[in-house]
Amino acid sequence: MERKLYRTEGKDAMLFGVCGGLAEYFRVDPTIVRVVLVLLVWFKGLSLWLYLLAAILLPKKSTVYPDY
């Protein structure tokens, strides 16, 4: 089955669901992705603008998988 990148919805999403979607795509725990994101933002390795851009551009899980 082909993996697709999307934003999670519902209880799986903390803010916009970007970290949850990345975690499902890479098959890791969402907490790990969130901690890595916070560390990258803290040490200026990643901008919050990139996160917001991903929140705007990535489709929701229900759009990618209509039966969800």
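Our subject in this report is the structure included herewith. (Residues numbered from 1 in each chain as written. Predicted model: local features only at pLDDT ≥ 70, side-chain atom pairs only at ≥ 80, totals over all residues. Heavy atoms only, no water.)

## Examining the packing of helix 1 (residues 18-26) against helix 2 (residues 30-42)
Thought 1: At a minimum axis separation of 8 Å, helix 1 and helix 2 run at an interaxial angle of 120 degrees. Taken as axis vectors, helix 1 and helix 2 run oblique relative to one another. Note that helix 1 runs across helix 2; the crossing there is right-handed. Here Cys19, Gly20, Leu22 and Ala23 of helix 1 lie close against helix 2, whose contacting residues are Pro30, Val33, Arg34 and Leu37.
Thought 2: Across the contact of helix 1 with helix 2, the residue classes tally to 6 nonpolar, 1 polar and 1 charged. (Axes fitted to C-alpha atoms, helices over the stretch in contact; angles between N-to-C directions. Helix = DSSP H or I, 4+ residues; strand = E, 2+ residues; numbered from the N terminus. Parallel < 35°, antiparallel > 145°, perpendicular 65-115°, else oblique. Left-handed = near helix turned anticlockwise from the far one by under 90°. Contact = heavy atoms within 4.5 Å. Nonpolar A, V, L, I, M, F, W, Y, C, P; charged D, E, K, R; others polar.)

## Describing a nonpolar patch on the surface
Thought 1: On the surface, Met14, Leu15, Phe16, Trp49 and Leu52 cluster together to form a nonpolar patch covering roughly 630 Å² of accessible area.
Thought 2: Trp49 sits in the exposed class, given a relative accessible area of 67%. (Patch = residues over 30% accessible without salt bridge, like charges linked within 9 Å, V, L, I, M, F, W, Y side chains within 5 Å. Areas by Shrake-Rupley, 256 points an atom, 1.4 Å probe, with all protein chains shown as cover. Salt bridge = Lys/Arg side-chain N within 4 Å of Asp/Glu carboxyl O. Buried < 20%, exposed > 50% of the residue type's maximum accessible area, 1.4 Å probe, protein only.)

## Concerning the pattern of salt bridges
Thought 1: For the coordinates displayed, the defined rule picks out 1 salt bridge.
Thought 2: Two residues, Lys61 and Glu24, come together in a salt bridge whose shortest N-O distance is 3.3 Å. Highlighted residues: Lys61 in helix 4 (residues 61-64) and Glu24 in helix 1, separated in sequence by 37 residues.

## A closer look at the nonpolar core
Thought 1: Judged by nonpolar contacts, Val18, Cys19, Ala23, Val33, Leu37, Tyr51, Ala55 and Leu58 together constitute the single largest core of 8 residues.
Thought 2: Going through the elements one at a time, helix 1, helix 2 and helix 3 (48-57) are the ones with two or more residues in this core.
Thought 3: In terms of residues, this core owes the most to one element, helix 1, which gives 3 residues.
Thought 4: The residues contacting Tyr51, other than those within four sequence positions of it, are Leu15, Phe16, Gly17, Val18, Cys19 and Leu37. (Core = buried A, V, L, I, M, F, W, Y, C linked by side-chain atoms within 4.5 Å.)

## Brief notes about the packing of aromatic side chains
Each aromatic ring pair is summarised here by two numbers: the centre-to-centre distance and the angle between the ring planes.
Thought 1: Tallying each qualifying case throughout the model produces 3 aromatic pairs.
Thought 2: Both rings, one in Tyr6 and one in Tyr65, keep their centres 5.7 Å apart while their planes meet at 85 degrees; by these two values the pair is edge-to-face. Linking Tyr6 in the segment before helix 1 with Tyr65 in the segment after helix 4, this pair joins segments that are 59 residues apart in sequence.
Thought 3: By relative accessible area, which is 7% here, Tyr6 ends up buried. (Phe/Tyr/Trp six-rings, centres within 6.5 Å; stacked < 30°, edge-to-face > 60°.)

## Considering the layout of surface pockets
Thought 1: Empty space within the largest pocket amounts to approximately 180 Å³.
Thought 2: Elements that contribute at least two residues to the lining of the largest pocket include exactly helix 1, helix 2 and helix 3.
Thought 3: The element that contributes the greatest number of residues to the lining of the largest pocket is helix 2, accounting for 4 residues.
Thought 4: Tallied by class, the residues present in the lining of the largest pocket amount to 10 nonpolar, 2 polar and 1 charged.
Thought 5: Going through the elements one at a time, helix 1, helix 2 and helix 3 are the ones with two or more residues in the lining of the second largest pocket.
Thought 6: A per-element tally of the lining of the second largest pocket places helix 2 first, with 4 residues.
Thought 7: Taken together, the residues that form the lining of the second largest pocket break down as 11 nonpolar, no polar and no charged. (1 Å grid on protein atoms, 1.4 Å probe; cavity = no way out; pocket = protein on both sides within 12 Å on 5 of 7 lines; lining within 4 Å. Points joined across faces, edges and corners; volume = space filled by probe spheres on them.)

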